[in-house]
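Understanding the architecture of this molecule
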Amino acid sequence: MVCPCDWPEPVVRVQSLSDSGESIIPARYVKPPPDRPSLNSSPDINIPLIDLSGLTDGDLAIREATLKQISDACREWGFFQVINHGLRAELVDGAREIWREFFHESMEVKQKYANSPKTYEGYGSRLGLQKGAGFDWSDYYFLHYLPSSLKDHNKWPEKPSSLREVVEEYSKEIVRLGNVLLEVFSINLGLRHDYLQNAFGGEDVGACLRVNFYPKCPQPDLTLGLSSHSDPGGITFLLPDENVSGLQVRRDQQWITVKPVRHGIIVNIGDQIQVISNAIYKSVEHRVIVNPNKERVSLAYFYNPKSNLLIHPAPELITRETPSLYPAMTFDEYRLFIRTRGPQGKSQVESLKSKT
């Protein structure tokens, strides 16, 4: 995958803009009117909440009910929250707060890890390479965990001192959870229980973390923390900020603001699962709104196929009535789109659909 080595323009840190005290945001952060945040999100609707203890409860009826809950959520929402997922509460809280501490380190400390579009690893403030494009109101930190050949602790912050240790433990647990859900998805799709794991590369999967920092914004009605998009990878595990809502999911032409539950993890289907399932499961557009009074931190963990494997609809799901919708493509080829053009709704995965 070829990307330029440098950003097309000087990078501006959104946290610095927020800290400046200016009451008007720069024009490049102002979204066109149709893309601005909704003020009428329904307060009574939330994404499904699923207790994963039902998978290991030992009671067959409870397990079957849990499998069905997950299946329904994947088919009808593309998003759900999980509790009793096996991650310690202390780890969940600690992972979020250690990254909050990092974003409050001095700019000198953070700039040591400034990223480039070549790999996106490190401290960043923009997605996409189009000169003059609009920006989102957020900074982030991106790092690799798997494959091991890409993991480089020297590219992980050394401050706070316990960050690398916490990220290692958190990453290991998220990969475990990813393995569990890939098996559940395979079973629910009527495939062999290990089909999706093998399609992703067996043990040789990809796993990478994007930590999002959304500073306070003086004009939250004009901008977004992250523009509308579907995730290009396999499964995303989002650890939200429990004190500040921000994630919005598109459903029936409405934007639903997700209300996080204590120590819950939000799961969403990525484009690669949509392709392999031949659109039985669909990735869903989502975006992030910002807050005038509070900053927000979230951890998005991307559990992805091995980058050079061809991803295509499962042959078992192809029939005369349900022909293959997508051509084969490697994940490396696929994610080049968002890395060069930035978030663009669902335009990429929809553009791949066969025209027949």
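Below is a short write-up of the structure.

Definitions and cut-offs
Note on numbering: residues in each chain are counted from 1, in written sequence order. Confidence filtering applies because this is a predicted model: local features only for residues at pLDDT of at least 70, side-chain atom pairs given and counted only at 80 or more, and all residues used for totals across whole chains, interfaces and linings. The side-chain numbers reported here are obtained from all heavy atoms of the structure, hydrogens and water having been left aside. Numbering of helices and strands runs from the N terminus, with a helix taken as a DSSP run of H or I at least four residues long and a strand as a DSSP run of E at least two residues long. Taken over C-alpha atoms, the radius of gyration is set against a globule rule of 2.2 Å times the number of residues to the power 0.38. For this analysis, residues touch if any pair of their heavy atoms sits within 4.5 Å. Per-residue and other accessible areas follow the Shrake-Rupley method at a 1.4 Å probe size, with only the shown protein chains counted as cover for residues. Polar contact is defined as a pair of N or O atoms within 3.5 Å, subject to the rule that within protein one atom must be able to donate a hydrogen and the other to accept it, and that residues adjacent in sequence are counted only when both atoms are side-chain atoms. For a helix, the expected span equals 1.5 Å multiplied by the residue count minus one. Burial here depends on accessible area, computed with a 1.4 Å probe over protein chains only, as a share of the maximum for the residue type. Under 20% is buried, over 50% is exposed, and the range in between is partly exposed. The arc in question is traced by the directions running from the helix axis to the C-beta atoms. If DSSP finds at least two bridges between two strands, the strands pair. Any carboxyl oxygen of Asp or Glu within 4 Å of a side-chain nitrogen of Lys or Arg constitutes a salt bridge here. Fitted lines through C-alpha atoms give the axes, limited to the stretch in contact for helices. The angle between two N-to-C directions lies from 0 to 180 degrees.

**Things to note about the overall build of the protein**
Counting secondary structure elements, the protein contains nine helices and 14 strands. Over its C-alpha trace the protein gives a radius of gyration of 20 Å, about what one expects of a compact globule, namely 21 Å for 356 residues. Overall, the C-alpha framework of the protein stretches about 55 × 45 × 45 Å when taken along its three principal axes. Residue pairs at least 24 apart in sequence account for 79% of intrachain contacts in the protein once pairs closer than 6 positions are excluded. As displayed, the protein has an accessible area near 15,600 Å², and 52% of this comes from carbon and sulfur atoms.

**Observations concerning the side chain of His263**
Within the fold, His263 resides in the loop between strand E9 (254–257) and strand E10 (265–269). Here Asp93 takes part through its side chain, which lies 2.9 Å from a polar atom of the side chain of His263. Discounting residues that sit within four places of it in the chain, His263 has contacts with His85, Ala89, Val92, Asp93 and Glu242.

**Quick word on helix H2 (residues 60–76)**
Over its 17 residues, H2 extends 24 Å from the first C-alpha to the last, a length consistent with the 24 Å expected when each residue adds 1.5 Å. Listed in full, the buried residues belonging to H2 are Thr66, Leu67, Ile70, Ser71, Ala73 and Cys74. The buried residues of H2 occupy an angular sector of 165 degrees when projected down its axis, which confines them to one face. Facing away from the buried surface of H2 by more than 90 degrees, the exposed residues are Ala61, Lys68 and Glu76.

**Some details on the pairing of E10**
Across the five residues of E10, five count as buried, placing the element largely inside the fold. Because side chains alternate across E10, one face comprises the buried residues Ile265, Val267 and Ile269, and the other comprises Ile266 and Asn268, equally buried. Direction of pairing for strand E2 (residues 79–83) relative to E10: antiparallel, over a ladder of four bridges. Bridge pairing in E10 places Val82 opposite Ile265. In this structure, strand E7 (residues 235–239) lies alongside E10, joined through four bridges in antiparallel fashion. Bridging from a neighbouring strand, Thr236 pairs with Asn268 of E10.

**Topic: the environment of Tyr214**
Take Tyr214: it is sitting in strand E5 (residues 206–214). Exposure remark for Tyr214: the relative accessible area of 2% places this residue in the buried category. The spatial distance from the C-alpha of Tyr214 to the C-alpha of Asp139 is 6.6 Å, given a sequence separation of 75 residues. Residues contacting Tyr214, with those up to four places away along its chain left out, are Trp137, Ser138, Gly225, Leu226, Val288, Val290, Lys294, Glu295, Arg296 and Ser298.

**Examining the pattern of salt bridges**
Once their charged atoms are close, side chains differing in charge can pair, the charge on each being opposite to the other. Using the criterion set out here, one finds 20 salt bridges in the structure. Its salt-bridge partner being Arg96, residue Glu242 comes within 3.5 Å of it at the nearest N-O pair. Placement of the pair is Glu242 in the loop between E7 and strand E8 (247–251) and Arg96 in helix H3 (residues 89–103), with a sequence separation of 146 residues. For Arg96, a relative accessible area of 4% translates into the label buried. Close ionic contact of Arg100 with Glu295 constitutes a salt bridge, the shortest N to O distance being 3.2 Å. Remark: Glu295 occurs in the loop between strand E11 (286–288) and strand E12 (296–304) and Arg100 occurs in helix H3; sequence separation between them is 195 residues. For Arg100, a relative accessible area of 16% gives the class buried. Among the charged side chains, a network of salt bridges with common partners joins Asp93, Arg96, Glu242 and Arg262.

**Things to note about the sheet that holds E8**
Taken in spatial order, the four strands make up an open sheet running E6-E11-E8-E9, and their pairing is antiparallel. With partners counted over all chains shown, the strands left at the sheet margins are strand E6 (226–229) and E9, one partner each. On average, each strand axis in the sheet is tilted by 25 degrees relative to the strand beside it, whichever way the strands run. Pairing between E8 and E9: four bridges, direction antiparallel.

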